[in-house]
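# A look at the structure
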Amino acid sequence: MTDIRYPIGKYEPQIYSDTLKQEWLNNIRQLPAELEYAIQNLDADQLHSPYREGGWTIQQLVHHIADSHMNAYIRFKQALTEDNVTIKSYEEKLWADLNDVQKVPVNISITLLHALHIRLYAAIKDLSMDQWNRTFNYPGRPAPVSIWFLLGMYSWHGKHHVAHILSFRKANNIL
């Protein structure tokens, strides 16, 4: 039985390949449209419903993706431009309870993600092998991780949360 918290499984780091790079870059490029499609025609009550028991609401989830991917963009840029940088973590659960997440319509974060992912994709699509192998310190990880790891993690992250929303739709018979 699939763990509903991880509908596509947990992120598993992968060894570099050109094929996987293209897949992950396409996931980054396509996430805003996929997320927009996943929430299409959800009403206010549905947006304020948790995607699973004990989980965030759909609205919190959409804003979380924007918050997370804004941090991702900064993390990529720092790792590409600073040696031995330690990226900053953030309290995502506390961010999800802030007023902007509660009050701002989800279309604002969808619009933000469209613009952000154009910038993110442009920043990373032509990286050299040396750049993919650049490392940085990631809080909670015992050893430095690579920019390649970051690409895979954020590719997974978007698909992971879109799957949460699609699972919510299926469980609630929302076509």
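I will try to describe carefully the structure that is included in this document.

Conventions and cut-offs
- Starting afresh in each chain, residues are numbered from 1 along the sequence in its written order.
- Note on the predicted model: pLDDT of at least 70 is required for a residue's local features to be given, and 80 or more for side-chain atom pairs to be given and counted; whole-chain, interface and lining totals, by contrast, use all residues.
- Only hydrogens and water are set aside when side-chain values are computed; all heavy atoms of the structure are taken into account.
- To qualify as a helix, a DSSP run of H or I must reach at least 4 residues; to qualify as a strand, a run of E must reach at least 2; elements of each kind are numbered from the N terminus.
- Residue count minus one, scaled by 1.5 Å, sets the expected span of a helix.
- Throughout, exposure labels follow a simple rule: accessible area from a 1.4 Å probe, protein chains only, divided by the maximum for the residue type, with under 20% read as buried, over 50% as exposed, and the rest as partly exposed.
- Each Phe, Tyr or Trp ring, with Trp reduced to its six-membered ring, pairs with another whose centre is within 6.5 Å; inter-plane angles below 30 degrees give stacked pairs, above 60 give edge-to-face pairs, and intermediate values give tilted ones.
- Only lysine NZ and arginine CZ atoms are considered, and such an atom sits over a ring when it is within 6 Å of the ring centre and within 35 degrees of the ring normal.
- Both cavities and pockets are sets of points on a 1 Å grid over the protein atoms alone; in a cavity a 1.4 Å probe fits but cannot get out, in a pocket the set is open with protein on both sides within 12 Å along at least five of seven lines, and lining residues sit with an atom within 4 Å of a point.
- Grid points are joined across faces, edges and corners, and a volume is the space filled by probe spheres set on the points.
- Throughout, the ten residues Ala, Val, Leu, Ile, Met, Phe, Trp, Tyr, Cys and Pro are labelled nonpolar, Asp, Glu, Lys and Arg are labelled charged, and all others, Gly among them, are labelled polar.

### What about helix α8 (residues 147-171)?
Between its first and last C-alpha atoms α8 spans 36 Å; for 25 residues at 1.5 Å apiece the expected length is 36 Å, and the two agree. Taken across its 25 residues, α8 has 20 buried, putting it largely inside the fold. Positive phi shows up at Asn 173, right after α8, with a value of about 50°.

### With respect to the packing of aromatic side chains
Tallied over the full model, the rule gives eight aromatic pairs. Judged by centre distance (5.4 Å) and plane angle (70°), the ring pair of Tyr 11 and Phe 149 falls under edge-to-face. Of the two residues, Tyr 11 sits in the segment before α1 (18-39) while Phe 149 sits in helix α8, which places them 138 residues apart along the sequence. Neither residue differs from the other here; Tyr 11 and Phe 149 are each classed as buried. Members of the aromatic cluster, connected to one another through ring pairs, are Tyr 11, Phe 136, Tyr 138, Phe 149 and Trp 156. Here the basic side chain of Lys 10 rests over the ring of Tyr 6, its NZ or CZ set 5.1 Å away from the ring centre.

### Side note on empty space enclosed by the protein
Applying the stated criterion across every chain yields a total of one cavity of 30 Å³ or more. By volume, the largest cavity amounts to about 40 Å³. Residue lining of the largest cavity: Asn 27, Leu 31, Glu 34, Tyr 154, Ser 155, Gly 158 and Lys 159, and that is the complete set. Of all the secondary-structure elements, those providing two or more residues to the lining of the largest cavity are α1 and α8. Counting residues per element, the lining of the largest cavity draws most heavily on α8, at four residues.

### Some thoughts on the layout of surface pockets
Taken as a whole, the largest pocket spans an internal volume of roughly 840 Å³. Around the largest pocket, the lining is made up of 28 residues, and of these Tyr 6, Glu 92, Trp 156, His 157 and His 160 lie nearest the centre. Elements with a minimum of two residues in the lining of the largest pocket: α3 (58-81), α4 (92-95) and α8. The leading source of residues in the lining of the largest pocket is α8, at eight residues. Grouping the constituent residues of the lining of the largest pocket by class yields 12 nonpolar, nine polar and seven charged.

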